[in-house]
Amino acid sequence: MKCFKAYDIRGRLPDELNADIAYRIGRAFAETVGVGSVVVGYDVRLDSPALAEAVSRGLNDGGCDVIDIGLCGTEEVYFQTAHRGAAGGIMVTASHNPIDYNGMKLVREGARPISGDTGLRDIERKVEANAFAAPVVPAGKLMRDHDKSAYIAHLLGYVDTGRLRPLKIVVNAGNGGAGAVLDLLAPHLPFEFVRIHHEPDGTFPSGIPNPLLPENRAATARAVVESGADLGIAWDGDFDRCFLFDAAGRFIEGYYIVGLLAAQLLEKHPGAKIIHDPRLTWNTIDMVQAAGGVAIESKTGHAFIKERMRAEDAVYGGEMSAHHYFRDFAYCDSGMIPWLLVAERIGSTGIPLAAMLEERMQACPCSGEINFRVEDAAAAVARVMRFYEPQQPQIEHVDGVSVAFAHWRFNLRSSNTEPLLRLNVESRGDEALMRERTAELEGLILHGDA
């Protein structure tokens, strides 16, 4: 079925995903996790409540009890599944996809991801066959519990509120779900929040919230400058990613935040292991080693990162795409924990975010992720490799292809979710070299010549 992807479920409404398919997903999920309770939550999209209701009916008819936690972020489903000892969890969300899409993220006991390699293909086959037994009698029960207090207390446990100092922070929920959580955190924090696009609104009047796209950053950057804020934060719709802006309104690449958070957590957990993705690596490795930790590379994607974190008992994992994973958060990603940690660091050190990162940004300048739509991704990668292989670089195939020379490196990989070829380039302290090689690669990818 078209809506089943590598890590989760995403599809256009109503032809690729609808209430009937959602019901079947509920039935298939119940067969997969067995008897027990399942946490169900949903994002702000207008059709998300109806899809959540349909998947809940499927779960109930399959014999599972449902704990409906209502409008929430993806990380709340992760948290509640682990916190309550539930058999699994389902989040109805399409994250940053277009407005006519929706989807689901599935986890089993302990908030372990269910992806293509760990059960999602089996669920897909059951949904396609639609050969379920008669509904269980009596059906599972539905309980609505929208209390977020345990989740809020857990978030606050990551920081020492005594070390927090008053900061002015611009927060841009993008009319997604982050605003409700911020309002619950606010009474416990000494921050002045400047709220923009704050109220949940599934029509997304300011556009689909995806701050990873440069065109979606202007509102946050402008509000930081106009309000004289110390920090800016923006989230995607289901707020499992957060994006930071310094006091000048400059967007900070997620790559540098990974190194910053790794170093901060290593202060609390000396010698711990840190997981990172292969796209941009040198800054993270440098910062982890300088802080006495062990940097371990993993294939890109939440299912791979979480699996490797569990295997290594890593305290933290970070991807340059602004996904940040924490051992104490059931090895799951959170869009709330990272900014709390950064705000604590600013308060405890008195150093602005820009000053914390300037040296590292100069030491490892990067291109940021550049996306190319190409008709034949494999042919484009082959052209690139024919050009560089004679120069005898170090080559890895952990995820796509990573090619490293003495003073610069790049990673080129096909997207798991979109028909795109993604490029990331970085250098050792030489921004001009990084830009030259980026232009060279663009020529090879698009035109076949440098």
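Calculation notes
Residues numbered from 1 in each chain as written. Predicted model: local features only at pLDDT ≥ 70, side-chain atom pairs only at ≥ 80, totals over all residues. Heavy atoms only, no water. Buried < 20%, exposed > 50% of the residue type's maximum accessible area, 1.4 Å probe, protein only. Helix = DSSP H or I, 4+ residues; strand = E, 2+ residues; numbered from the N terminus. Pairing = 2+ DSSP bridges. Contact = heavy atoms within 4.5 Å. Axes fitted to C-alpha atoms, helices over the stretch in contact; angles between N-to-C directions. Parallel < 35°, antiparallel > 145°, perpendicular 65-115°, else oblique. Nonpolar A, V, L, I, M, F, W, Y, C, P; charged D, E, K, R; others polar.

A. Inspection of the pairing of strand β11 (residues 242–245) at higher detail. Residues Cys242 and Leu244 point to one face of β11 and Phe243 and Phe245 to the other, with burial holding for every one of them. Across four bridges, the pairing between strand β10 (residues 231–235) and β11 is antiparallel. Across the sheet, the residue bridging to isoleucine 233 is leucine 244, located in β11. Between β10 and β11, which pair antiparallel and follow one another directly, the connecting turn spans six residues, one of which, phenylalanine 239, has a positive phi of 40°.

B. Just helix α3 (residues 74–83), in detail. Most of α3 sits out of view: eight of its 10 residues are buried. Within two residues after α3, glycine 85 carries a phi angle of roughly 65°, on the positive side.

C. Structural detail: the sheet that holds strand β15 (residues 323–326). One open sheet holds the five strands; their spatial order is β13-β12-β14-β15-β16, and the pairing between them is mixed. Whereas interior strands pair on both sides, the edge strands pair on one side only; in this sheet they are β13 (294–297) and β16 (332–333). As defined by bridge partners, strand β14 (residues 316–319) adjoins β15 across four bridges and the pair is classed as antiparallel. Paired with glycine 317 across the bridge in β15 is tyrosine 325. Running at roughly 170° to β14, helix α8 (residues 254–268) makes contact with β12 (273–276), β14 and β15 of the sheet.

D. Seen up close, the packing of helix α5 (residues 149–156) against helix α6 (residues 178–185). α6 packs onto α5 with a crossing angle of 70° between their chain directions and a minimal axis gap of 10 Å. With respect to each other, α5 and α6 are oriented roughly perpendicular. Where α5 approaches α6, its residues Tyr151, Ile152, Leu155 and Leu156 are matched on the opposing element by Val181, Leu184 and Leu185. Its residues placed into classes, the contact of α5 with α6 shows seven nonpolar, no polar and no charged.

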